[in-house]
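The residues making up each chain are set out below.
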Amino acid sequence: MTDATHSSLLKQDARTVKRNRAEARFKAYGLVAIGIGVLMLMVLLTTIISRGTGAFQQTYLTLDVTLDAAKLDKKGNRNIDDIKKVSTFGYKPLLVNAFETLIATSDITSDLKPKAMSDILSKGAEAQMRDVVLADPTLIGQTVTFDFLASGRVDGYLKGRVTRDSIANDKNINAEQLDLVDQLHAAGALEKKFNLAFITGADSSDARPEAAGFGVSMVGSLAMMLVVLALALPIGVAASIYLEEFAPKNWITDIIEVNISNLAAVPSIVFGILGLAVFINYMHLPNSAPLVGGLVLTLMTLPTIIISTRASLKSVPPSIRDAALGVGASKMQSVFHHVLPLAAPGILTGTIIGLAQALGETAPLLLIGMVGFIATNGPDSIGEGLLSPNSAMPAQIYEWAKRADPAFYERAWGGIIILLVFLITMNFVAVMLRRRFERRW
Amino acid sequence: MRDNTQTLEAHVANKSKISATGVQVYYGDNHAIKDVNVEIEDKTVTAFIGPSGCGKSTFLRCINRMNDTIDVCRVEGDILIDGENIYDPAVDPVQLRAKVGMVFQKPNPFPKSIYDNVAYGPRIHGLARNKSELDEIVERALRRGAIWNEVKDRLHAPGTGLSGGQQQRLCIARAVATEPEVLLMDEPCSALDPIATAQVEELIDELRQSYSVVIVTHSMQQAARVSQRTAFFHLGHLVEFGDTEKIFTTPEDPRTESYITGRIG
């Protein structure tokens, strides 16, 4: 400083050079941090998509089956009660016959016995035929074309998950069966198709990974979200309005405020065990019911909604409240006519974010029994949807991920894709709402 | 144009509209207003002047009990409007505020249409039986707010889209729409440019025909231009109160003289 008798602006002094370097370094750190973040995200998304998309395709075998009247309706009077007496076991011979016919009428050759051939199909194939027959008994005696699910191994073979090397010790499938699969695939009878059943269907037992679907757990999640929305939104908004606009500022409200913030930080599994103790053990609500799940998630979401609602109420300028009070509106009129409409986008955004958080929550569901093998079909009514045992999307993913058959693993990734689609959609809606209704004063 | 010629005798003849005796205001431990006594007449513009933080806005907000919304604020003493104590427990502040309108420092129209801004007060007080009556009230209020000609073709455009001066006149129209008897104005021109200020001042002068207007202002020129009576506040005390002309020409208190000549502030 002392020797700067005449400093030129055209030449940077040492201090400026140092400062500029520090700034450049800081920018570089920032860029590196963002780069790492983006890279992680890319890796995550590519992994999920590359592993999960397989679940949206499934291998089907198109096969003509003669519904033999002698096997399905021995008395011949088409009495539905008699037809019902024939179990899925009774349909097995029809499948064997169908394969015999297939070999006889086409140029497909195989040394396998027809019964072994039929093992390339899902174990649900007989039940599939029986359901069709029971729905329409007039089909008995006719030849009907069915699209049968191929077994999980065959599906895996077409998707490259199962190879001839990997099946060496596999008693579910052998090389001859794969030869047959190759021929059927070449003939066009065996094909990968879009797997709607994955999106709409129910979970299935360990032996039939090819039939497992995500739809019913989606319904379970939806039922829970309805409960959360119906309870958490009104309770949360009412609590926030009271705390923000009406409550006197004293130590009681301070304690409430601190505790709401603390609740938001409570691990979700704690809410799960609370739900187990209160809703199931004490109030005797049914196990595994989305109603209970929804109640637990409501407790979890409430602090989030209250905090975001209070923030958006706070952001409404006090001049609007003054203006309303100044023309003789009551406190409640000023809140409901002016403050609340202005805070609504913020409240909605917070609610959607809270719902998205609840949608992806697994831990509390573990404790109230919403995770496990729940293979019921979709519920028929809202009441049933709330009270009958069900799973939820993240719980279903967890359930699949821990099963032994790798075919379930693929479905877990597929489930993650669906869950992410829901979450991204909800966040997108939240962002759009905020953009759309953002107001400046 | 300005009518500052009213004599003291004329004031005395005017019925006192607001009469405050022994008003004390505390913000927690802070004694903001100290024993203020003031008589405000009907159909007169009364200006409150004084340096920042002297309590003039606080006192103004006591007159329509806007201070009730501040938790730590405590008001003692009596403020009578037409002989009725507004701090009587039987008085509902909401009802009071319909009678004592207020215009704020910063124009604060609701983020709604111009029409809805003005119609809001009459609607919640049930002043109109039907749409055409409400239309009339809105038009009358906007005319009184001297903004009708500018907005009559876009009544359903948002009020926040107007210029600052227009917004403030809209707020005045909104305040008069509920037919108040007293109009309180808290530095209504401090956020406006000189042209908008002139328009609002002219409007205040017209409003005097129908209302008792109390205006807080930082501008002594403004007080001199629009008011007939002026009160000078300093450090929570009402130092001097009298005819505007007298306050600005021959103040009795040395503090008043120092302030209007720019020595304290």
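Residues numbered from 1 in each chain as written. Chains lettered and ligands numbered in written order. Predicted model: local features only at pLDDT ≥ 70, side-chain atom pairs only at ≥ 80, totals over all residues.

Some thoughts on the overall build of chain B
Turning to step 1, where the next piece is worked out: A tally of regular secondary structure across chain B gives 11 helices and 10 strands.
Turning to step 2, where the next piece is worked out: Relative to a compact globule of 265 residues, whose C-alpha radius of gyration would be 18 Å, chain B shows 18 Å and is just as compact.
Turning to step 3, where the next piece is worked out: With the C-alpha coordinates of chain B rotated into their principal frame, the extents come out at 55 × 45 × 35 Å.
Turning to step 4, where the next piece is worked out: Looking at chain B residue by residue over its 265 residues, the buried ones come to 46%. (Helix = DSSP H or I, 4+ residues; strand = E, 2+ residues; numbered from the N terminus. Rg over C-alpha atoms; globule rule 2.2 N^0.38 Å. Buried ≥ 20, exposed ≤ 12 C-beta atoms within 10 Å, placed from the backbone.)

Structural notes on the interface of chain A and chain B
Reports of interface size often rely on the accessible area that becomes lost once the parts have come together.
Turning to step 1, where the next piece is worked out: On the side of chain B, 20 residues touch chain A, which itself brings 16 residues to the contact.
Turning to step 2, where the next piece is worked out: Counting only elements with at least two residues in the side of chain A that touches chain B, the list comes to α14 (318–326) and α15 (331–359) of chain A.
Turning to step 3, where the next piece is worked out: At six residues, α14(A) tops the list of elements feeding residues into the side of chain A that touches chain B. (Contact = placed C-beta atoms within 7 Å.)

What to know about the confidence of the model for chain A
Turning to step 1, where the next piece is worked out: Taken as a whole, chain A shows an average pLDDT of 88; of its residues, 98% reach a score of 70 or greater.
Turning to step 2, where the next piece is worked out: Per-residue pLDDT, averaged within each element of chain A, yields its smallest value for helix α17 (residues 382–387) of chain A (81) and its largest for helix α1 (residues 14–52) of chain A (95). (pLDDT = per-residue confidence, 0-100.)

A look at unusual backbone geometry
Residues and elements named next belong to chain B.
Turning to step 1, where the next piece is worked out: Backbone geometry places aspartate 35, a non-glycine residue, at a positive phi of 50°.
Turning to step 2, where the next piece is worked out: Assignment of secondary structure puts aspartate 35 in strand β2 (residues 30–41).
Turning to step 3, where the next piece is worked out: Positioned with a positive phi, aspartate 82 is a non-glycine residue whose angle comes to about 55°.

Structural notes on the domain arrangement of chain A
All names here are of chain A.
Turning to step 1, where the next piece is worked out: Each assigned domain of chain A is listed here: domain 1 (56–200) and domain 2 (215–437).
Turning to step 2, where the next piece is worked out: For domain 1 and domain 2, the distance between their C-alpha centres works out to 45 Å.
Turning to step 3, where the next piece is worked out: Opposite the eight residues of domain 1 that make contact, domain 2 presents six residues.
Turning to step 4, where the next piece is worked out: Of the residues that constitute the side of domain 1 that touches domain 2, the class distribution is three nonpolar, three polar and two charged. (Domains from an automatic or database assignment. Nonpolar A, V, L, I, M, F, W, Y, C, P; charged D, E, K, R; others polar.)

Section: the sheet that holds strand β10 (residues 237–243) of chain B
Residues and elements named next belong to chain B.
Turning to step 1, where the next piece is worked out: Here six strands make up an open sheet; going across it, the order is β6-β7-β8-β3-β9-β10 and the pairing mixed. If you trace the sheet from one side to the other, it starts and ends with β6 (100–103) and β10, each paired once. Taken pair by pair, the neighbouring strands of this sheet meet at an average axis angle of 15°, ignoring direction. (Pairing = 2+ DSSP bridges. Axes fitted to C-alpha atoms, helices over the stretch in contact; angles between N-to-C directions.)

Considering the confidence of the model for chain B
One rule of thumb: low pLDDT means the predicted coordinates there are not for detailed reading.
Turning to step 1, where the next piece is worked out: For chain B, the average pLDDT comes to 87, and 94% of its residues sit at 70 or higher.
Turning to step 2, where the next piece is worked out: For this predicted complex, the interface score ipTM comes out at 0.85, alongside a pTM of 0.81.

Here's the deal with the environment of Leu207(B)
All names here are of chain B.
Turning to step 1, where the next piece is worked out: Tracing the sequence through the fold places leucine 207 in helix α8 (residues 194–207).
Turning to step 2, where the next piece is worked out: Owing to 22 C-beta atoms within 10 Å, leucine 207 belongs among the buried residues under this scheme.
Turning to step 3, where the next piece is worked out: Separated by 47 residues in the primary sequence, leucine 207 and proline 254 place their C-alpha atoms 33 Å from one another.
Turning to step 4, where the next piece is worked out: Excluding residues within four positions of it along the chain, leucine 207 makes contact with Leu183 and Val213.

Overview of the sheet that holds strand β5 (residues 84–85) of chain B
Residues and elements named next belong to chain B.
Turning to step 1, where the next piece is worked out: Sheet architecture is open: four strands sit in the order β2-β1-β4-β5, paired in antiparallel fashion. If you trace the sheet from one side to the other, it starts and ends with β2 and β5, each paired once.
Turning to step 2, where the next piece is worked out: Pairing of strand β1 (residues 16–27) with β2 involves eight bridges; the strand directions are antiparallel. Its bridge partner being in β2, isoleucine 18 is matched across the sheet by isoleucine 40.

A word on the packing of helix α18 (residues 393–401) of chain A against helix α19 (residues 406–437) of chain A
Residues and elements named next belong to chain A.
Turning to step 1, where the next piece is worked out: Across the interface, α18 lies against α19 with an axial gap of 8 Å and an inter-helix angle of 160°. With respect to their mutual orientation, α18 and α19 come out roughly antiparallel. Crossing angle aside, the handedness with which α18 passes α19 is left-handed. Taking contact as the criterion, the partners of Met393, Pro394, Gln396, Ile397, Trp400 and Ala401 in α18 are, on α19, Phe408, Tyr409, Arg411, Ala412, Gly415, Ile416, Ile418 and Leu419.
Turning to step 2, where the next piece is worked out: Residues belonging to the contact of α18 with α19 are distributed by class as follows: 11 nonpolar, two polar and one charged. (Parallel < 35°, antiparallel > 145°, perpendicular 65-115°, else oblique. Left-handed = near helix turned anticlockwise from the far one by under 90°.)

Observations concerning the pairing of strand β3 (residues 45–49) of chain B
All names here are of chain B.
Turning to step 1, where the next piece is worked out: The buried fraction of β3 amounts to five of the five residues, a majority that puts the element mostly inside the structure.
Turning to step 2, where the next piece is worked out: Side chains Val45, Ala47 and Ile49 project from β3 onto one buried face, and the interleaved Thr46 and Phe48 project onto a second face that is buried too.
Turning to step 3, where the next piece is worked out: Sheet analysis places β3 next to strand β9 (residues 229–234), joined by four bridges and oriented parallel. Bridge assignment links phenylalanine 48 to a residue of β9, and that residue is alanine 231.

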